[in-house]
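# Structural features, examined
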Amino acid sequence: MTRRDEEGYALVAAVASMAVFSAMALTVLSATHLEIGDASAEQDRLQVGAAAEAGVALVLSKLLASDGEGWAVGGRERHLRYGDAQLTVRVEDELGKVPISRLDEKLATRLLEEVGLDGDRLLIARDSLLDWTDSDNQARPYGAEAAYYQSEGIAPPNGFLSSIDELRRIRGFDAETVERLRPMVTTYTAMASFDPRYANPQALAVMEDAGQQGGPRSIDREKELAGQQTAIAFANTNGLTGRPLTVNVEAKLPDGARSFRRIVVELTGVSTQPYLIRAAD
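Attention in this report is confined to the structure presented alongside it. (Residues numbered from 1 in each chain as written. Predicted model: local features only at pLDDT ≥ 70, side-chain atom pairs only at ≥ 80, totals over all residues. Heavy atoms only, no water.)

### Some points on the pattern of salt bridges
This is how it is decided: For this document, the term salt bridge refers to a Lys or Arg side-chain nitrogen within 4 Å of an Asp or Glu carboxyl oxygen. Numbering of helices and strands runs from the N terminus; a helix is a DSSP stretch of H or I covering at least four residues, while a strand is a stretch of E covering at least two. Between buried and exposed lies partly exposed: a residue is buried under 20% and exposed over 50% of the maximum accessible area for its type, with that area taken using a 1.4 Å probe on protein chains only.
A full pass over the atoms with the stated rule returns 20 salt bridges. The residue Glu179 makes a salt bridge to Arg168 at a minimum N-O spacing of 3.2 Å. Here Glu179, found in helix H6 (residues 175-181), pairs with Arg168, found in the loop between helix H5 (146-149) and H6; they are 11 residues apart in sequence, far enough to count as distant. The exposure class of Glu179 is partly exposed, given its relative accessible area of 38%. For the salt bridge of Arg258 with Glu250, the shortest nitrogen-to-oxygen distance reads 3.0 Å. By relative accessible area, which is 48% here, Arg258 ends up partly exposed. What makes Glu250 partly exposed here is its relative accessible area of 28%. Taken together, the salt bridges that share partners define one network made up of Arg90, Glu92, Glu94 and Lys97.

### Things to note about the side chain of Glu145
Rule in force here: Positive charges come from Lys and Arg alone, negative charges from Asp and Glu alone, with His and the N- and C-terminal ends not counted.
If you trace the backbone, Glu145 turns up in the loop between helix H4 (119-133) and H5. Here Glu145 occupies a buried position and makes no salt bridge, while the nearest side chain of opposite charge, Arg140, is found at 5.5 Å.

### So, the environment of Val249
Under the convention used in this document: Whether two residues touch is decided by their heavy atoms; if any such pair falls within 4.5 Å, the residues are in contact.
Positionally, Val249 belongs in strand E5 (residues 244-252). Residues Val249 and Arg90, spaced 159 residues apart in sequence, show a C-alpha to C-alpha distance of 6.6 Å. Setting aside its immediate chain neighbours within four residues, Val249 contacts Ala52, Gly55, Val56, Leu87, Thr88, Val89, Ser259, Phe260 and Arg261.

### Describing the environment of Ala203
Note that Ala203 resides in helix H7 (residues 201-207). Owing to a relative accessible area of 0%, Ala203 belongs among the buried residues under this scheme. Along the backbone, Ala203 and Val185 are 18 residues apart, and their C-alpha atoms lie at a distance of 7.1 Å. Those residues in contact with Ala203 that lie beyond four places of it in its chain are Gly96, Lys97, Val98, Met184 and Phe194.

### Overview of the pairing of strand E1 (residues 78-82)
On a regular strand, each side chain points to the face opposite its neighbour's, so the side chains alternate between the two faces of the sheet. The condition is simple: The pairing criterion is simple: DSSP has to find at least two bridges between the two strands.
Relative to strand E2 (residues 85-93), E1 runs antiparallel, the two sharing 5 bridges. Within the sheet, the bridge partner assigned to Arg81 lies in E2 and is Gln86. Taking the residues that link successive antiparallel strands as the turn, the E1-E2 hairpin has 2 residues, and the phi of Gly83 there is positive, at about 60°.

Right, here's the structure in full:
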């Protein structure tokens, strides 16, 4: 086993130890005479949280493997078990998403059409997004610049978005629209870095298929995600180095308790620090 493998599997061992500490915490809860129902709920919360963390560690160990066992990163779901928990894991390539901070009017229109906006609502959201990220303070016909947001005590950064959640601050974007956009847009790459090989199908429709729903490339990606044809996979970790990857893990217990973890990592190719965590929630 190589050192990189050892580091990857050490992550799993570390998270497994968290489950032990969770069990210790339950003993403390019992000693403080919590109601049985409350203690049971707390036990489920700790157990399912530890399972989600274990899932993240397992995915990282697979991504760090140097024996050609790399996982597909195009967003296809995998189902695993950790103790009593069912894990659903998905790895997404941020280079295969729409770089939302650097769109022109045409691409911004395609993007918002892809999530169902039209008419004045689309024009307001589009122009306001472009005003938020451009370098000037002149509002577009349907947009908004600093004066519009002054009463809320915020101002457009006139640059890159710091996160997808920042969209909620922009005129024309509500929580539902942001959640529809979340799987297909990124704040971690520049436009020149878009890579269609591992793209989200909706992002591919925006960036590569001229905005046409049902384009051939996006259909192929949808088939891969559905398991109807071989998913694109990296042969080894060299293909992953330097690419921001989002790891999504949902853990679910038989009684319905759930926990979700999402991290954005970048593999470095350096054995002493094999990955960097760029975001986590």
